Amino acid sequence: MNRFLRRNKLKKATQSLASVLATLLLLVTLTFFLGQVMPVDVVARLVGPDADQATYQATYERLGLDQPIIVQFGLYITRMLQGDFGTALLTGNRVSDDLLRVFPATIELGTLALLIGAGIGVPLGVLAAVQRNRLADHIIRVATLLGHSVPIFWIGLMGLLLFYSYLGWVGGGGRVEIYYDGLVEPRTGLLLVDSLLAGDAEVFWSAVRHIVLPASVLGYASMASLCRLTRSFMIDQLSQEYITAARVKGVSEWNVVWHHAFRNIRVQLLTVIALTYGSMLEGAVLIETIFAWPGFGQYLTNNLLLGDMNAIMVCVLLVGVIFITLNIVADLLYKIFDPRTVQ
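Just so we're clear, the structure is a prediction, and the values are computed from it rather than from any experiment.

1. Overview of the nonpolar core
Among the nonpolar cores identified, the biggest contains 55 residues, and V28, V95, L99, L109, L218, F296 and Y299 are the most heavily contacted of them. Per-element accounting of this core gives the leading share, 12 residues, to helix α15 (residues 309–337). Not counting residues within four places of it along the chain, the set of residues in contact with V95 comprises F85, G86, T87, A88, Y299, N310, A311 and V314. Formed by 18 residues, the second largest nonpolar core is a distinct cluster that contains F233, I243, V257 and L269.

What follows is the structure, given as structure tokens:
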């Protein structure tokens, strides 16, 4: 029996690994061939409009663009399997080095935004469900509706205008004031953490002033979604018979809401929060552009405008890895919070 269970687990693990690899290969393949039809002349952008034909042709051949598309794709996959993700045309650095430099900034921004969004959205969703069709519920629903309907770039611009330009409560663009830039050794790449490790309070508080507004704007968008879904999940649970039975037995409303109803929606919320976090990490393009945040979103946008397929494909692959990893983490948490999911 134990041997059968072990064999079954090994089979499932092998199938999961094969599915992950197939998904990543499909992502790279689709991105590569879609990139071939992009109306961008990478060579012209590199050599400039005044370059002669000989220079243009030499650059064209140096990039390997004279090879058939299938050959280019095969060579790229071969290099990728060897750990060579190519050189970014925009910076001249290895793409992997560029991502190691910019991605921590996005992780820092996205993590703080998720803490704000989940920390506010989930309790508000519970409150809206408990106060269904009452004043508090209507106010919360209006706030979440604005979070869904108002463009995030407009909220960011209005936030800069009010809190930075007019009130001066927060910092402007970038991660820190320019005169603090480079003063802290980048041990982790997370400026808030690195400044604390270095014991530099001035850099830390400057970083806080710069991150609080973009994180709040990004967190507001996620808060609206998490609040709405939490409300929906809670309303469904609060209408169940076991809730009615608990109230009849005299269980306090606090225990009914948090120890009974909310406990049964934790697994659903895990998936939503995990996917929300992944969306923040790869979708904070507008926020990073508005706030001049030197992260993954801005890096991807700049390379899309240039048409650099080396950088674009690695970015797409990284997004795929992020979502797959978050789903695996969510599955593991399922088994912790709800052992019934273990088969």
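2. Describing the packing of helix α10 (residues 241–248) against helix α11 (residues 253–261)
Across the interface, α10 lies against α11 with an axial gap of 10 Å and an inter-helix angle of 150°. Taken together, the axis directions place α10 and α11 in an arrangement best described as roughly antiparallel. Along this stretch, α10 crosses α11, giving a crossing that reads as right-handed. Judged by residue contacts, Y242, I243, A246 and R247 of α10 engage E253, V256, H260 and A261 from α11. Along the lines of polarity and charge, the residues of the contact of α10 with α11 split into five nonpolar, one polar and two charged.

3. Looking at unusual backbone geometry
Despite not being glycine, N133 shows a phi value in the positive range, around 65°. For N133, the location among the structural elements is in the loop between α5 (95–130) and α6 (135–149). In this model, A292 sits at a positive phi of 50°, which is unusual for a non-glycine residue.

4. Considering a nonpolar patch on the surface
A cluster of nonpolar residues, F153, W154, L157, M158, L161 and L286, forms a patch on the protein surface that exposes about 570 Å² of accessible area. When residues in the nonpolar patch are grouped by element, the largest group, five residues, is from helix α7 (residues 152–166). Relative to the elements of secondary structure, L286 occurs in helix α13 (residues 285–290).

5. Here's the deal with the confidence of the model for the chain
With 90% of its residues at a pLDDT of at least 70, the chain reaches an overall mean of 83. When mean pLDDT is taken per element in the chain, helix α9 (residues 201–238) scores highest with 92 and helix α2 (residues 42–47) scores lowest with 70.

6. Examining the environment of A129
For A129, the location among the structural elements is in helix α5. When the C-alpha atoms of A129 and Q268 are compared, they prove to be 16 Å apart, with 139 residues separating the residues in sequence. Setting aside chain neighbours within four positions, we find A129 in contact with R231, M234, I235 and L238.

7. What about the pattern of salt bridges?
Overall, the coordinates contain seven salt bridges when judged by the stated rule. One salt bridge in this structure joins D97 and R94, with 3.1 Å as the shortest N-O distance. Put simply, R209 and E177 hold a salt bridge, and the shortest N to O gap is 3.7 Å. Remark: E177 occurs in the loop between α7 and α8 (191–198) and R209 occurs in helix α9; sequence separation between them is 32 residues. By relative accessible area, which is 32% here, R209 ends up partly exposed.

8. Observations regarding the side chain of E108
Structurally, E108 can be placed in helix α5. What makes E108 buried here is its relative accessible area of 10%. Within the local environment of E108, its side chain forms a polar contact with the side chain of R175, the two groups lying 2.6 Å apart. Only 2.7 Å separates the side chain of E108 from the backbone nitrogen of L192, close enough to count as a polar contact.

9. Some remarks on the packing of aromatic side chains
Under the criterion given, the structure shown has six aromatic pairs. Ring geometry for F103 versus F296: centroids 5.5 Å apart, planes at 85°, classification edge-to-face. Taken together, the residues span a long stretch of sequence, with F103 in helix α5 and F296 in helix α14 (residues 296–306) at a distance of 193 residues. F296 shares its class with F103; the two are buried. The structure contains a cluster of three or more aromatic residues connected by ring pairs, namely W254, W258 and F262.

Here is what the cut-offs are and how they apply
- Residues numbered from 1 in each chain as written.
- Predicted model: local features only at pLDDT ≥ 70, side-chain atom pairs only at ≥ 80, totals over all residues.
- Heavy atoms only, no water.
- Core = buried A, V, L, I, M, F, W, Y, C linked by side-chain atoms within 4.5 Å.
- Buried < 20%, exposed > 50% of the residue type's maximum accessible area, 1.4 Å probe, protein only.
- Helix = DSSP H or I, 4+ residues; strand = E, 2+ residues; numbered from the N terminus.
- Contact = heavy atoms within 4.5 Å.
- Axes fitted to C-alpha atoms, helices over the stretch in contact; angles between N-to-C directions.
- Parallel < 35°, antiparallel > 145°, perpendicular 65-115°, else oblique.
- Left-handed = near helix turned anticlockwise from the far one by under 90°.
- Nonpolar A, V, L, I, M, F, W, Y, C, P; charged D, E, K, R; others polar.
- Patch = residues over 30% accessible without salt bridge, like charges linked within 9 Å, V, L, I, M, F, W, Y side chains within 5 Å.
- Areas by Shrake-Rupley, 256 points an atom, 1.4 Å probe, with all protein chains shown as cover.
- Salt bridge = Lys/Arg side-chain N within 4 Å of Asp/Glu carboxyl O.
- pLDDT = per-residue confidence, 0-100.
- Polar contact = N/O pair within 3.5 Å; in protein donor to acceptor, adjacent residues only side chain to side chain.
- Phe/Tyr/Trp six-rings, centres within 6.5 Å; stacked < 30°, edge-to-face > 60°.

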